[in-house]
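Commentary on secondary and tertiary structure
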Amino acid sequence: MTTHQFKPDLPPPVATVGVYAWLRANLFSSVPNTLLTLVALYLIWLIVPPLLSWAIFQATWLGDSREQCTPSGACWLFIEQRFGQFMYGYYPPELRWRVDLTVLLAVVGAAPLFVARFTHKLRYGIAFLVLYPILAYCLLSGGMLGLEHVPTTQWGGLMLNLILATVGIAGALPLGILLALGRRSKLPAVRVVCVTFIEFWRGVPLITVLFMASVMLPLFLPEGMSFDKMLRALIGIILFESAYVAEVVRGGMQAIPKGQYEAAAAMALGYWRSMFLVVLPQALKLVIPGLVNTFIALFKDTSLVYIVGLFELLNSVKQASADPKWLGMATEGYVFAALVFWIFCFGMSRYSMHLERKLDTGHKR
Amino acid sequence: MSDIKQPGADGIIRMEAVNKWYGQFHVLKDINLNVRQGERIVLCGPSGSGKSTTIRCINRLEEHQKGSIVVDGTELTNDLKQIENVRREVGMVFQHFNLFPHLTILQNCTLAPMWVRKMPKKEAEEIAMHYLQRVRIPEQAHKYPGQLSGGQQQRVAIARALCMKPKIMLFDEPTSALDPEMVKEVLDTMVGLANDGMTMLCVTHEMGFARTVADRVIFMDKGEIVEQAKPDDFFDRPQNERTQLFLGQILH
C-alpha cells in the first residue's frame with residue numbers, strides 16, 4: 001500500500017478575500033467611486049458624532065429636575081418624569097395596573113397561537129377574538145365588577161394609539177374583505193354600493209373624517225344624544241381604512257387564476273365556501289406586504305386624533321412640553337415619540353416578512 | 001349518419017338543441033347529445049370547435065342560451081340550488097389541474113367531501129387515501145401541489161374529483177399541458193377508471209386512448225357535431241369530409 005501526502009492548500013489570493021479586498025471592490029473600485037466614498041465618510045463624520053454626543057454622551061440620564069440637565073446634551077429626565085403620561089395619558093395613576101393587565105392578557109392569551117404544537121388554533125383563536133375585546137373593555141373602562149369607571153376622555157398616550165390601531169385593524173380587515181368581495185360581485189346593486197363606499201372614503205383625507213366625526217356629527221344628531229368622542233374617531237378610522245384594505249384585497253383576488261374559481265365551482269363549493277376556503281386564503285397571503293403597509297400607515301395615522309382633542313402619544317408629548325417646568329424640552333419629547341413609533345412599525349414589518357416565509361407553500365414555480 | 005343507437009329518455013345527460021353565443025360569435029349550434037349511464041365518450045375536433053365549451057355546459061361552468069340540458073334528472077337553469085345539485089354528481093378534471101396550491105394533497109381531496117357532503121374528517125381522509133392509492137400516489141398525501149410533477153398533479157386532480165363519488169366525470173384536455181413522458185401515467189389512470197364503468201366525457205387529442213376505451217367518438221367543428229361513431233368506424237371509415245381532413249392531419 002502506498003502512502004501519499006497531499007500538498008497543503010495554497011492561501012487564497014490577497015486581492016479577492018478579506019477586508020482589504022472588500023473595500024477595494026466596493027468602495028474604491030474607481031475614481032468616482034472613491035470620491036463618493038470620501039464624501040459619504042465626510043457627511044457621516046459631520047452628522048453622527050454630534051448626534052451621539054447629544055443623545056448619549058453629553059445627555060443627562062439620572063436626576064429629578066431640569067436643573068440637573070447639562071445644556072449641551074439631551075435631557076432624558078423629561079421623558080423619565082413624564083413617562084407615565086406618555087404611556088397612559090390622563091388615566092388615573094393608581095388605576096394604571098388595569099392597562100398593564102390588559103396588555104399582559106393580550107400577550108398571554110395570544111401566545112398559544114404562536115406555538116407550533118398547539119392544535120386547536122382556529123377554535124382557540126375565534127374564542128380569543130370574541131372574549132378578549134369584552135374583557136379588555138371591562139378592564140379599561142371599568143364601571144362594573146367593582147372597577148372604578150374611567151371615561152375614554154382620560155385614556156391617552158401610547159395606550160390610546162395602540163387601542164385605536166388594534167381595534168381599527170380588527171374592524172377594517174373584515175369590513176375591507178367584504179367590500180372587496182362586494183366590488184367583484186356579479187350583483188349590480190351590491191357592486192354599486194361597494195364601489196361608492198370605497199371611492200367615497202378613499203376620496204377624503206382622514207383628518208377631514210376625524211374632524212367631521214367630532215365636530216359635525218353632533219350637529220346632525222338629535223339634542224342630548226351624543227356618543228363617545230373616542231368611539232366616533234374609531235369608527236371614522238375603521239370606515240376610512242376599510243376602503244384601503246378592500247382595494248389591497250381586491251388586487252390579491254385578481255391575481256388568483258380563473259382556474260381556481262372554476263375548480264371550486266365544479267366541486268359544488270358555492271360562492272361563500274369558494275371564497276373563504278379557496279380564493280381568500282390565497283389572495284390574502286399574496287397581499288401580506290400590501291396589508292401590512294396599510295396597517296403601518298394606520299398605526300401612524302392614529303396620531304391624527306390629536307386634532308379632535310384626544311391625548312394620544314404625540315399630543316401627550318406636546319402637552320408635557322408646554323408645562324412651564326419643562327419648557328424647551330420638545331425635541332427630546334418628539335425624538336422619543338418617533339422612536340416609539342419606529343419600534344412598533346419596524347416590528348410589524350419584520351413580522352410580516354416572517355409570516356410570508358412561513359405561509360409560502362412553494363407553489364410559485 | 002351512423003349506426004349508433006342514440007339513447008332516449010334514459011340518458012344520464014340529455015342535451016337538446018343547445019345553443020350558445022359569446023357576444024356575436026355562435027360557439028355551439030344546436031348540440032344534441034344523449035349519454036347513457038356508463039358510456040365513455042371522447043370528443044375531438046380542431047381548436048375552437050366548441051368541444052370544451054360543450055362539456056363545460058354540462059356542469060354549468062358555461063351558460064347556454066337556448067335549448068335544454070338535463071343531467072341526472074336535473075335541468076340546468078339559473079337556479080343555483082339545481083346547479084349545485086348537478087355539480088355534486090359531476091366531477092371535472094382540467095387541462096391545468098387547478099389544484100389548490102395552499103392546501104396539501106390530502107386537504108385538496110377532503111375539502112369538498114367535508115364541506116359539501118358534510119362528511120366527518122376521518123371518513124373523508126380514509127376515502128381520499130383510498131383514491132390516492134388508486135392513482136398510485138398515497139405517499140405524496142402531505143406534500144403541496146407545487147412539490148409534485150405535472151403528471152402527479154393531474155392524477156391528484158382525478159383523485160380529488162373521485163372523492164366526491166361522482167356519477168359522471170368530465171375531462172377537459174387532461175393531458176395537453178403535460179410533458180410527453182407523463183401523458184401515459186395519466187391515461188393509464190383514466191383507462192382504469194373507464195374499466196370500472198364510470199360515465200366519462202373526455203375532450204382529448206389522444207386518439208390511442210379514444211380507440212381503446214371510447215364507446216363513441218364525437219367529432220365537432222365550428223360549434224357543430226359533425227360526426228359520431230364507434231371508434232372502429234370513426235377511425236377506419238370516417239364519413240364526413242371534415243372528419244377525414246382532421247384525422248388526416250393528426251394521424252400521419
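Residues numbered from 1 in each chain as written. Chains lettered and ligands numbered in written order. Predicted model: local features only at pLDDT ≥ 70, side-chain atom pairs only at ≥ 80, totals over all residues. Heavy atoms only, no water.

On to the side chain of Ser185(A). Assignment of secondary structure puts Ser185(A) in the loop between helix H6 (157-183) and helix H7 (188-203). Among the residues examined, Ser185(A) registers a relative accessible area of 12% and is labelled buried. (Helix = DSSP H or I, 4+ residues; strand = E, 2+ residues; numbered from the N terminus. Buried < 20%, exposed > 50% of the residue type's maximum accessible area, 1.4 Å probe, protein only.)

Along any regular strand, the residues point their side chains to alternate faces of the sheet. Residue and element names in this part refer to chain B. Here strand S8 (residues 199-203) lies mainly inside the structure; five of its five residues are buried. Here strand S3 (residues 40-44) runs beside S8; their pairing, made up of four bridges, is parallel. Counted as the bridge partner of Val-42 is Cys-202 from S8. Inspection of the sheet shows strand S7 (residues 168-172) paired to S8 by five bridges, in the parallel sense. Its bridge partner lying in S8, Ile-168 is registered against Thr-199. (Pairing = 2+ DSSP bridges.)

So, on to the UniProt feature "transmembrane region" (unreviewed entry) in chain A. Within the UniProt annotation, "transmembrane region" (unreviewed entry) is assigned to residues 34-57, 101-119, 126-147, 159-182, 203-221, 233-249, 286-314 and 326-349 of chain A. Annotation note: span residues 126-147 of chain A, helix share 73%, strand share 0%, distance between end C-alpha atoms 27 Å. (UniProt positions renumbered as here; feature names shortened; annotations may be inferred.)

Moving on: unusual backbone geometry. Residues and elements named next belong to chain B. At Phe-97, a residue that is not glycine, the phi angle is positive and equals roughly 65 degrees. Relative to the helices and strands, Phe-97 resides in the loop between strand S6 (90-93) and helix H3 (105-115). Phi angles above zero are rare outside glycine, and Lys-165 is one such case at about 50 degrees. Since its relative accessible area comes to 48%, Lys-165 is described here as partly exposed.

All names here are of chain A. Here Tyr-124 shows up in helix H5 (residues 121-141). Taking relative accessible area as the criterion, Tyr-124 reaches 27% and is therefore assigned partly exposed. Sequence separation of Tyr-124 and Gly-259 is 135 residues, and the distance between their C-alpha atoms is 33 Å. Apart from residues no more than four positions distant in its own chain, Tyr-124 is found in contact with Gly-109, Pro-112, Leu-113 and Phe-118. (Contact = heavy atoms within 4.5 Å.)

To continue, consider helix H9 (residues 229-254) of chain A. Residue and element names in this part refer to chain A. Counted at 1.5 Å a residue, the expected span for H9 with its 26 residues is 38 Å, and the 38 Å between its end C-alpha atoms agrees. Most of H9 is tucked away: 19 of the 26 residues are buried. Near the N-terminus of H9, the side chain that reaches the backbone nitrogen of Met-230, with its oxygen 2.8 Å away, is that of Asp-228. (Expected span 1.5 Å × (residues − 1). Polar contact = N/O pair within 3.5 Å; in protein donor to acceptor, adjacent residues only side chain to side chain.)

Residues and elements named next belong to chain B. Here six strands make up an open sheet; going across it, the order is S6-S7-S8-S3-S9-S10 and the pairing mixed. The open sheet has two free edges, formed respectively by S6 and strand S10 (224-229), since each of these has just one partner strand. Sheet twist, expressed as the average angle between the axes of neighbouring strands with direction ignored, equals 20 degrees. Here helix H2 (residues 80-89) sits on the sheet and contacts S6 and S7; the angle it forms with S6, its principal contact strand, is near 65 degrees. (Axes fitted to C-alpha atoms, helices over the stretch in contact; angles between N-to-C directions.)

So, about the packing of helix H3 (residues 77-88) of chain A against helix H14 (residues 330-359) of chain A. Residue and element names in this part refer to chain A. Relative to each other, H3 and H14 sit at 50 degrees, their axes nearing to 11 Å. With respect to H14, the element H3 is oriented oblique. In terms of crossing hand, the pair formed by H3 and H14 is right-handed. Across the interface between the two elements, Phe-78, Ile-79, Phe-83, Phe-86 and Met-87 of H3 pack against Glu-332, Gly-333 and Phe-336 of H14. (Parallel < 35°, antiparallel > 145°, perpendicular 65-115°, else oblique. Left-handed = near helix turned anticlockwise from the far one by under 90°.)

Moving on: the pairing of strand S2 (residues 25-35) of chain B. Residues and elements named next belong to chain B. Of the strand pairs in this sheet, strand S1 (residues 13-22) and S2 are connected by seven bridges, and their pairing is antiparallel. Within S2, the residue paired with Trp-21 across the bridge is His-26. Between S1 and S2, which pair antiparallel in sequence order, lie two residues; one of them, Gly-23, sits at a positive phi of approximately 60 degrees.

Turning our eyes to something else, we now look at the sheet that holds S1(B). In any sheet, the strands associate via hydrogen bonds between backbone groups, in a parallel or an antiparallel arrangement. Residue and element names in this part refer to chain B. Here four strands make up an open sheet; going across it, the order is S2-S1-S4-S5 and the pairing antiparallel. Only two strands of the sheet have a single neighbouring strand rather than two, namely S2 and strand S5 (74-75). Across two bridges, strand S4 (residues 66-71) lies against S5 in antiparallel orientation. Residue Val-70 lies in a different strand from S5, and its bridge partner there is Glu-75. On top of the sheet, helix H1 (residues 51-58) reaches S1, S2 and S4; it is set at about 120 degrees to S1, its chief contact.

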